[in-house]
Every structure is written in C-alpha cells, then in structure tokens.
Amino acid sequence: MSEPSISATLRDQTLSLLANGEATSRADLVEALQVAPSTVTSVVRRLLEEGAILEEGVGRSTGGRRPRILRLRESAGIHAVAELGGQHARVGLCGPDGALRATAEVAIDIAAGPAAVFDVVAATVTRLSGEATPGQALLGVGVALPGPVEFPGGRLIGPARMPGWSGVDPRTHLRERFAVPVVVDNDAKAAAIGEHVIRGRETGDMIYVKAGTGIGACLVSGGQIHRGGRGLSGDVTHVRVADSGERHCSCGSRGCLETVASGAALARQLAEQGSPATTTRDIMTAVGNADPTVVTMVRHAGGLLGVALSGLVNFLNPDAVVIGGALSSLDVYVAAARGMLYERCLPSMTQSLMIEASVAGPDAALVGLGHLLRTTADVRPS
C-alpha cells in the first residue's frame, strides 16, 4: 500500500474514532489504531492544520502528563443523505453529529437515469429542509446506490439493476448540483456502516446483508469496512447457489442468489403463479396475513441465503451475521437463513455466532452516509 493511501486510511480511522467517542486523546488513538505514537502525532497535526479537529482541555492523568482532549469540529448546518432503490428513495437530513433530523420516502425510477433521479432527491431535500431545518446551510451530500461503487472515487462499475448508469460519476453530478462535499457509496456498505455505528464496537466482526429487492453484503472487521482492491467487495448477490433453477440473472449469468432469494425474485415467482403479491411490500403484507404460498416461498428464499452465507461464515468466522433491508422484517426469512447457517456451518463457527435482523432498520444506510460525511468529507471551515 502506498504512503498516501496509508495516510488517508489513518485519517479516516482517526476521525471515525473521534466521531464515535471511542478515542479522545492521542494515547487513545495509539491504542485503538495500533500504530506508533509518532504516526498518531503526524495524523493529529495534519487534522489540526486542516481544521477538521480541535484540541481543547485536558483529561485525567493515568500516571504521566495529563492528555489534551481531541474532538471533531462541529459546524452549524445539515447533511443531506439519500439511499436509492429501484422504485423508491429514502432521503434524510442529519446534523454534523450524524443524528437524523428528518426522513422521507419518495417514488423514483432508477432507470430514468441520474439527472431525473437526482432532480427528485434535490426536491425532497429542499422540502425537508424547509420543514425541519429552515435556514440551516447544506454542508454535504451523501448518496447510497444499489450497485458496485468504486471507493472513494464513487464511480459505478457495471450496475446490473441500474440501466443507463454504468460508468456514471454520480459525485460530479451531485457536486455540480449542490456545490458541497459529496460522498457516494454502495447501499449495503453504507447500511453496514450505519448498523455498526448504532450497535457500537462490541458487535465485533460482522457480516451485514441487505436483503431487499436485490441482495448486497459487507464485512465489518476491526471496526472498519472491508472494501477490497477497488472498493467492490460484498457482491454476494451473484454467488451461484444450488436449487436456483438456473434462472437468468440481471448480470447475464444463471443461478445467482439474486434470482431466488431477493424480493424481486420472490415477486417474479409469485406473479408466475398468479399471486397478487407482486412487489416486496405485497410480500411483506402476505406474510403478515399468513398466506401459506408466500410464507413457504419466503422460507425457501431465506434458506438459500443461508446456503450462500455458510461458506463466508466458515471462511471468515465472524461474531455476527446481521440481515437488513426490507426482507429482514420477515421473521420467517431470517429464521430460515439462521437455520441453514447452523446446518451448513461448522459447529465451532456457530457456537457463539449471533444471527439476527438489523437494529438500525430502514435508516441504516442514511446513518452510515451521515457517518461517512462526518469522517471522510472535507470538513475544513470556509
């Protein structure tokens, strides 16, 4: 890894630790980051020069000189955050501390392209700002997309369910529109960050799965998102699974997890059987009404998700598997995935493994985007 990328990583980790309250001094950072004190001193000096953090007051001594207290610089204003789906977008406003102030869900058509979709997002941000935070300056914008996103570049790479978006640079669109710092990330990664922020570090290593219209996943290890070489890790949706029926997938292959375990797959299968439950929301309602056909299909889909995750659990030995997204609200789906993991994984891997639905819920990605803006965007005062 090059020196600039190491510095950027340490910068982001330092800001994240200070944002979460997990570190308040240089000594805390040395212990948390497991690097030399001189390295922490260099990173802190750089952040102080940027104006990203402040040094004020002193903490309690543990035997030596009393430590100077470090904290993030908080600016007055708001961040706008949005998670895009195929047919809906969840838009929110959060303060500089990352706390959500307002949220709204609006209809979109992702296939209409970036300009049309961002028009809707911008209009919703304007409406929410007028209702919830009048007069507050916009400090930054964060968007989570349902496709593979290079990080930190933000460029989409072959998004199978976003026709017309491949190769698009959403950050450029958003910067030109809003004239503020912008972060763009994959929806599952943003949601994993939000889940980790809500749960705290005691969760340990976590595989987060976003199961909605599509399926995405992310590994959180040592409190950090695992992104891979180009930032494209976690594309579990195109893992090939048995009992898939060799259905064609949006990626052009056959037998992918997406074709049998996602909300879109369930809706398609039910439509083929003449069921009126033809959307993910319809499916959730039908399960709530104990429709036997729908419940059976959802249980089967959850089991196939467990099959796909079992190899990851055996390989990575996480402390937790957390299922988020719309389908996580269906107990039968989560229970089927849990049962298959217990069946397919080594007993030593599941002995203390926590397998449960998300606690962050539908706002997971918005919380994650707020955290990214707080810790990775250019926060130098103007």
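Here is a short report on the structure shown in this document. (Residues numbered from 1 in each chain as written. Predicted model: local features only at pLDDT ≥ 70, side-chain atom pairs only at ≥ 80, totals over all residues. Heavy atoms only, no water.)

### Observations concerning the packing of aromatic side chains
Here's step 1: Summed over all chains, the structure comprises one aromatic pair.
Here's step 2: Arranged with centres 5.7 Å apart and planes meeting at 85°, the rings of phenylalanine 118 and tryptophan 165 form a pair that is edge-to-face. Taken together, the positions of phenylalanine 118 in helix H4 (residues 114–132) and tryptophan 165 in the loop between strand E6 (138–145) and helix H5 (170–178) put the pair 47 residues apart, joining distant regions of the chain. Per residue, the accessibility class of phenylalanine 118 equals that of tryptophan 165, and both read buried.
Here's step 3: Cation over ring: arginine 227 sits above phenylalanine 151, and NZ or CZ is 3.5 Å from the ring centre. (Phe/Tyr/Trp six-rings, centres within 6.5 Å; stacked < 30°, edge-to-face > 60°. Helix = DSSP H or I, 4+ residues; strand = E, 2+ residues; numbered from the N terminus. Buried < 20%, exposed > 50% of the residue type's maximum accessible area, 1.4 Å probe, protein only. Lys NZ or Arg CZ within 6 Å of the ring centre and 35° of its normal.)

### Looking at the environment of proline 114
Here's step 1: When you line up the elements, proline 114 lands in helix H4.
Here's step 2: The spacing of proline 114 and arginine 45 is 69 residues in sequence and 39 Å in space, taken between C-alpha atoms.
Here's step 3: Leave out the neighbours within four places in its chain, and proline 114 touches Trp165, Val168 and His173. (Contact = heavy atoms within 4.5 Å.)

### Here we look at the nonpolar core
Here's step 1: If you look at the biggest cluster of nonpolar residues, it comprises 41 residues, and the most contacted ones within it are Ile283, Val298, Leu305 and Tyr333.
Here's step 2: If you tally residues by element for this core, the top one is helix H10 (residues 292–316), at ten residues.
Here's step 3: The residues touching tyrosine 333, leaving out its near neighbours within four places in the chain, are Ala211, Ile215, Ala261, Val298, Ala301, Gly302, Leu305, Ile323 and Leu327.
Here's step 4: Counting 30 residues, the second-largest nonpolar core is a separate cluster that includes Ala80, Leu84, Leu93 and Val125. (Core = buried A, V, L, I, M, F, W, Y, C linked by side-chain atoms within 4.5 Å.)

### Digging into the pairing of strand E11 (residues 320–324)
Here's step 1: Counting buried positions along E11 yields five of five residues, so the element is predominantly enclosed.
Here's step 2: By the alternation rule, side chains of E11 split into Ala320, Val322 and Gly324 and Val321 and Ile323, which are all buried.
Here's step 3: Where strand E8 (residues 206–211) meets E11, five bridges bridge the pair, whose relative direction is parallel. Note that in E11 the partner of lysine 210 across the bridge is glycine 324.
Here's step 4: Relative to strand E12 (residues 354–357), E11 runs parallel, the two sharing four bridges. Counted as the bridge partner of alanine 320 is methionine 354 from E12. (Pairing = 2+ DSSP bridges.)

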